[in-house]
Amino acid sequence: MAGELVAGVDLGGTKILTVLADRAGQVLARVKVSTHARRGQDYVIDTIVESVHETMRMSGAPAGKISAVGVGAPGPLDPDRGLVFFAPNLGWKNVPLGTIMSERLKLPVYLDNDANLAALGEHVYGAGRDADHMIYITVSTGVGGGLIMDGRVYHGAGGGAGEIGHVTVAPDGPVCNCGNAGCLEAVSSGTAIALRARALVDDGRGAGILAAAGGDAEQVSARSVSVAAVAGDAEAVVILRDAGRYLGIAVAGVINLLNPSAVVLGGGCIQSTAALWDAMLTEVHRRTLESSLAAVRVVRGSLGGDAGALGAVALALERT
Ligand SMILES: [Zn+2]
């Protein structure tokens, strides 16, 4: 007899968020703990398993009530085999996470990439509801994405679809973590914003940004840039506008390519300030074909940091 509840896990490099939900996606319990990736793979997997048990204890639900677990993990990974190929934030290579968790929990465990599940979460429970063709983009430390096509996560030929962070938007731009130059992630991520602000401060400029960082050049971050921008600092606004402009170029490109009904954006850099968002929208309006622009709404995500875990819930419910 299938249980009535599922658990959704969002495994990140610093935090693990686990929720227990019913078939309607209503969250009954929620546990957030530190990943402590440096303590190794066994420790991290123990922590996830314990988090699932903890949500069950908190809800008072008997063990038989839970029917499956969905897990969002940093990719690249193979969702069918439950195998995490490579996760630099965790120090993992070829970890059969799905199999190990399934044996430990005695439950079916379904795995997908964290950005894909954040996309699914916003599609099923958030700002992308009723949008069967939806693009999700997260702009925080890095830039990630997920595609919902015909109401389902689109994985591509080898599971690599949705990597909008590595679309080139500035051919002669800064070098990206992937080795290419001018990727969206290298010009619009929180990391890219912080690097540009630090360079400015090192150059003896950026007084407003430095002040927002408490006067300590070492503490200059994307957050200090948004704080300075909100206070009206012109240099901070320029940095965020440039980041937003490149983001808009990428968003317009995917709208022209896929004709989605919604583009949902999440992540810390999207929530923090209007300068980046407004510049992105201006560029989207400038570069998107009229017919596709008329069909799409470009909106902020509504689930915040819960999008991935709720997407994992949706994945588990979809499979059971
Ligand atoms: Zn790249």
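Position labels on residues start from 1 in each chain and follow its written sequence. Two thresholds apply to this predicted model, a pLDDT of at least 70 for residue-level local features and 80 or more for giving and counting side-chain atom pairs, whereas whole-chain, interface and lining totals are computed over all residues. Side-chain metrics rest on all non-hydrogen atoms present in the structure, leaving aside hydrogens and water.

Engineer: An account of the environment of alanine 309 is requested, with residue identities and associated values reported.
Structural biologist: Here a strand is any run of E in DSSP of at least two residues, a helix any run of H or I of at least four, and the numbering for each starts at the N terminus. Its place among the elements puts alanine 309 in helix α12 (residues 307–319). Sequence-wise, alanine 309 and leucine 120 are 189 residues apart; in three dimensions their C-alpha atoms are separated by 9.9 Å. When checking whether two residues touch, look at their non-hydrogen atoms; a contact exists if any pair is within 4.5 Å. Contacts of alanine 309, omitting those with residues within four sequence positions, involve Gly8, Asp10, Leu17 and Val19.

Engineer: Describe the domain arrangement of the chain, listing the residues and the values that go with them.
Structural biologist: Note: interface size is frequently given as the accessible area lost on complex formation between the parts. For the chain, the assigned domains read domain 1 (5–121 + 306–319) and domain 2 (130–301). Placing the centre of domain 1 and that of domain 2 at their C-alpha centroids yields a distance of 27 Å. Each side of the interface is counted separately: domain 1 has nine residues, and domain 2 has 11 residues. We define buried area as the total accessible area lost by two parts upon association, computed with a 1.4 Å probe and summed across both. Around 830 Å² of area is buried between domain 1 and domain 2 when both sides are counted, 56% of it from carbon and sulfur atoms. The three residues of domain 1 that bury the most area against domain 2 are Ala115, Asn116 and Ala119, which together make up 49% of that side's buried surface. Bear in mind that the domain bounds are from an automatic or database domain assignment.

Engineer: Go over the coordination of the zinc ion with me, naming the residues and quoting the values.
Structural biologist: The coordination sphere of the zinc ion, as far as protein atoms go, consists of His166 (ND1), Cys176 (SG), Cys178 (SG) and Cys183 (SG), spread over 2.0 to 2.4 Å. Coordinating donors are taken as N, O and S atoms within 2.8 Å of the metal, stretched to 3.2 Å for Na, K and Ca; because water is absent from the atoms, sites can appear incomplete. Any site counts as irregular unless it has four donors with all angles between 85 and 135 degrees, making it tetrahedral, or four or six donors with opposite ones more than 155 degrees apart and the rest between 65 and 115, making it square planar or octahedral. Geometry at the zinc ion is tetrahedral, judged from its four donor atoms and the angles of 103 to 123 degrees they form at the metal. All donor residues of the zinc ion come from one chain, and their arrangement in sequence is H-x9-C-x1-C-x4-C. On the criterion of sequence distance, the pair formed by histidine 166 in the loop between β11 (152–153) and α4 (184–188) and cysteine 183 in the loop between β11 and α4 is long-range, its members being 17 residues apart. For cysteine 183, a relative accessible area of 0% gives the class buried. Exposure is judged per residue with a 1.4 Å probe applied to protein chains only, and the accessible area is read against the type maximum: over 50% gives exposed, under 20% gives buried, and values in between give partly exposed.

Engineer: Kindly report on the side chain of aspartate 233, identifying the contributing residues and their values.
Structural biologist: With respect to the element layout, aspartate 233 can be found in the loop between α7 (222–230) and α8 (234–258). Under this definition, polar contacts are N or O atom pairs within 3.5 Å; protein pairs additionally need one hydrogen-donor-capable and one acceptor-capable atom, and for neighbouring residues in sequence, both atoms have to be side-chain atoms. One polar contact links the side chain of aspartate 233 to the main-chain amide nitrogen of alanine 236, over a distance of 2.9 Å. Residues contacting aspartate 233, with those up to four places away along its chain left out, are Gly208, Ile209 and Ala228.

Engineer: Before we move on, can you summarise the environment of tyrosine 110 with the specific residues and values?
Structural biologist: Assignment of secondary structure puts tyrosine 110 in strand β8 (residues 109–113). For the pair tyrosine 110 and valine 187, spaced 77 residues apart in the sequence, the C-alpha separation amounts to 33 Å. When near neighbours in sequence (up to four residues on either side) are disregarded, tyrosine 110 contacts Ala68, Val69, Gly70, Val71, Leu315, Ala316, Arg319 and Thr320.

Engineer: Could you give an account of the pairing of β8, with specific residues and numbers?
Structural biologist: The buried fraction of β8 amounts to five of the five residues, a majority that puts the element mostly inside the structure. Two strands pair when backbone bridges link them, and strand β4 (residues 66–73) and β8 are joined in this way by five bridges, in the parallel orientation. Paired with valine 69 across the bridge in β8 is valine 109. We call two strands paired when DSSP finds no fewer than two bridges between them.

Engineer: Tell me about the nonpolar core, residues and numbers included.
Structural biologist: Note on terminology: a nonpolar core comprises buried Ala, Val, Leu, Ile, Met, Phe, Trp, Tyr and Cys residues joined through side-chain atoms within 4.5 Å. Ranked by size, the top nonpolar core spans 44 residues in total, and within it Ile137, Ile193, Ile209, Leu247, Val263, Leu265 and Val298 carry the most contacts. Examining the composition of this core, we find that 10 residues originate from one element, α8, more than from any other. Among residues more than four places away in sequence, those in contact with valine 263 are Ile135, Ile137, Val251, Ile255, Val296, Arg297, Val298 and Val299. With 31 residues, the next largest nonpolar core counts Leu5, Ala7, Val9 and Ile48 among its residues.

Engineer: Hey, could you go over the pattern of salt bridges for me, with residue numbers and the actual values?
Structural biologist: Salt bridges are defined as contacts in which a side-chain nitrogen from Lys or Arg sits within 4 Å of a carboxyl oxygen from Asp or Glu. Inspection of the entire model under this criterion finds 12 salt bridges. As a salt-bridge pair, arginine 104 and aspartate 46 come within 2.9 Å of each other at their nearest N and O atoms. Taken together, the residues span a long stretch of sequence, with arginine 104 in helix α2 (residues 97–105) and aspartate 46 in helix α1 (residues 41–59) at a distance of 58 residues. Of the residues examined, aspartate 46 reaches a relative accessible area of 38% and is grouped as partly exposed. Taking the shortest distance from any N to any O, the salt bridge between arginine 152 and glutamate 318 comes out at 3.7 Å. Within this pair, whereas arginine 152 is found in strand β11, its partner glutamate 318 is found in helix α12, the two being separated by 166 residues in sequence. Where salt bridges share partners, they join Arg245, Glu283, Arg286 and Arg287 into one cluster.

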